[in-house]
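Topology and contacts: notes
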Amino acid sequence: MELVALRTFQAVVEEGGILAASRKLNTVQSNVTGRIRRLEEELGAELFIRKGRGLELAPSGKVLLDYARRMLMLERQTASAVRQVGESAGELRIGAMETFAALHLPSALKAVRAGHPGLELRVTTDTTSTLTGKVLDHKLDCAFVAGPVIHPDLQFDELVIEELVQVHAAGTDPVLLPLILFREGCAYRTRAVAWQRAQGHAVSDAMEFGTLEGILGCIAVGLGWTLMPRRVVEQSSHAADLVIETVPDEFSLVPTGMIYLREARAMAALKTLCDGITASANRVRT
């Protein structure tokens, strides 16, 4: 029984059909159909009941789904354990919001490199939503995201409280400007939209950028406004052209920390990383 067949079977169930599963797996429909057929032949049981153009799990399919999920979970755990051979060898995959990476990661990564010199570090930046999904899918070992994060499979360790501030260019009125935001899935985006609505302004035009400097650069020349961590704005090369205004605590104070799978093996390198983040935050405050 091949793992690729089990992965295909699970995708068909979770995506609701052959076409959707083929898109998720980046393959053609005939490959998905063929794998399911071979799996049924190997097991000697019908896994799906065909109803018109749709599929419904057969009793045998329901039994297999439980085992398939456990087997694929074991596969991911095995791969993670092999990567993390030890505290001085292996691979550590880290995710972070771009703003968090700019503020805190450099010194923390330096501490990990010094304490665990044989550990290969891989860093990805993305939105909180995307990073959370990657941790759940075992594509990242940990991620630094805006919280709180409540999920039965995830542990969220709060490390810092970021203060968001309203930012716009001198001589401009935010009420008359569009929002400039990170892409969908960004926790700061959600708070910016909520703050705009709380002021009685409908969310209309918005500009999206994928980079921190792209957002602050456009704001500095008067193209829009946003909510951004105070320390990011103060350290930006555009700081002299920006106006910072405070917003109420319910919109500004963002608990930020590390998420990882509850079932994951404890790693000393993660503690070193968190200690480095805490030290970085303390230096910024002082």
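Residues numbered from 1 in each chain as written. Predicted model: local features only at pLDDT ≥ 70, side-chain atom pairs only at ≥ 80, totals over all residues. Heavy atoms only, no water.

What to know about the environment of Tyr260
- Mapped onto the fold, Tyr260 is located in strand E11 (residues 253-261).
- For Tyr260 and Cys142, which are 118 residues apart along the polypeptide, the C-alpha to C-alpha distance reads 4.7 Å.
- Discounting chain neighbours no more than four positions away, the residues touching Tyr260 are Val135, Asp141, Cys142, Asp153, Leu154, Gln155 and Asp157.
- A polar atom in the side chain of Tyr260 sits 2.9 Å from the side chain of Asp157. (Helix = DSSP H or I, 4+ residues; strand = E, 2+ residues; numbered from the N terminus. Contact = heavy atoms within 4.5 Å. Polar contact = N/O pair within 3.5 Å; in protein donor to acceptor, adjacent residues only side chain to side chain.)

Focus on the pattern of salt bridges
- Summed over all chains, the structure comprises 14 salt bridges.
- Here Glu208 and Arg189 are joined by a salt bridge, their closest N and O atoms 2.8 Å apart. With Glu208 in strand E8 (residues 206-208) and Arg189 in helix H7 (residues 187-198), the pair connects residues that are 19 residues apart, well separated along the chain.
- Overall, the relative accessible area of 48% leaves Glu208 in the partly exposed class. (Salt bridge = Lys/Arg side-chain N within 4 Å of Asp/Glu carboxyl O. Buried < 20%, exposed > 50% of the residue type's maximum accessible area, 1.4 Å probe, protein only.)

Comments concerning unusual backbone geometry
- For the bond running from Gly147 to Pro148, omega is 0°, close enough to zero to count as cis.
- Counting through the fold element by element, Pro148 comes out in the loop between strand E5 (142-146) and strand E6 (154-169).
- Although it is not a glycine, Asn26 sits at a positive phi angle of roughly 55°.
- Mapped onto the elements of the fold, Asn26 is located in the loop between helix H2 (18-24) and helix H3 (29-43).
- Note on Asn26: relative accessible area 72%, which makes it exposed.

Regarding helix H5 (residues 98-115)
- Compared with the 26 Å implied by 1.5 Å per residue over 18 residues, the 24 Å span of H5 between its first and last C-alpha is a close match.
- The largest bend along H5 measures about 55° and falls at His104, with the proline Pro106 one to four residues further on.
- The complete set of buried residues in H5 reads Thr99, Phe100, Ala101, Leu103, His104, Leu105, Ala108, Leu109 and Val112. (Expected span 1.5 Å × (residues − 1). Bend = angle between axes of the 7 residues up to and from the residue.)

Looking at a nonpolar patch on the surface
- Taken together, Met1, Leu3, Leu43, Val63, Tyr67 and Met71 make up a surface patch of nonpolar side chains, about 520 Å² in accessible area.
- The dominant element in the nonpolar patch, judged by the number of residues it contributes, is helix H4 (residues 59-83), at three residues. (Patch = residues over 30% accessible without salt bridge, like charges linked within 9 Å, V, L, I, M, F, W, Y side chains within 5 Å. Areas by Shrake-Rupley, 256 points an atom, 1.4 Å probe, with all protein chains shown as cover.)

Section: the pairing of E5
- Taken across its five residues, E5 has five buried, putting it largely inside the fold.
- The alternating pattern of E5 places Cys142, Phe144 and Ala146 on one face and Ala143 and Val145 on the opposite face, and all of these are buried.
- Pairing geometry for strand E3 (residues 90-96) and E5, over three bridges, is parallel. Residue pairing in the sheet places Ile94 in a bridge with Cys142 of E5. (Pairing = 2+ DSSP bridges.)

A closer look at the packing of helix H1 (residues 3-15) against H3
- Closest axis-to-axis distance for the H1/H3 pair is 9 Å, and the angle between their directions is 110°. With respect to H3, the axis of H1 lies roughly perpendicular. Crossing angle aside, the handedness with which H1 passes H3 is left-handed. In contact with Val4, Ala5, Leu6, Thr8, Phe9 and Val12 of H1, H3 contributes Val32, Arg35, Ile36 and Leu39.
- In terms of residue class, the contact of H1 with H3 is made up of eight nonpolar, one polar and one charged. (Axes fitted to C-alpha atoms, helices over the stretch in contact; angles between N-to-C directions. Parallel < 35°, antiparallel > 145°, perpendicular 65-115°, else oblique. Left-handed = near helix turned anticlockwise from the far one by under 90°. Nonpolar A, V, L, I, M, F, W, Y, C, P; charged D, E, K, R; others polar.)

Examining H1
- With 13 residues, H1 should reach 18 Å at 1.5 Å per residue; the first-to-last C-alpha distance of 18 Å fits that figure.
- Looking at H1, one finds that the buried residues are Ala5, Leu6, Thr8, Phe9, Gln10, Ala11 and Val12.
- Positive phi shows up at Gly16, right after H1, with a value of about 85°.

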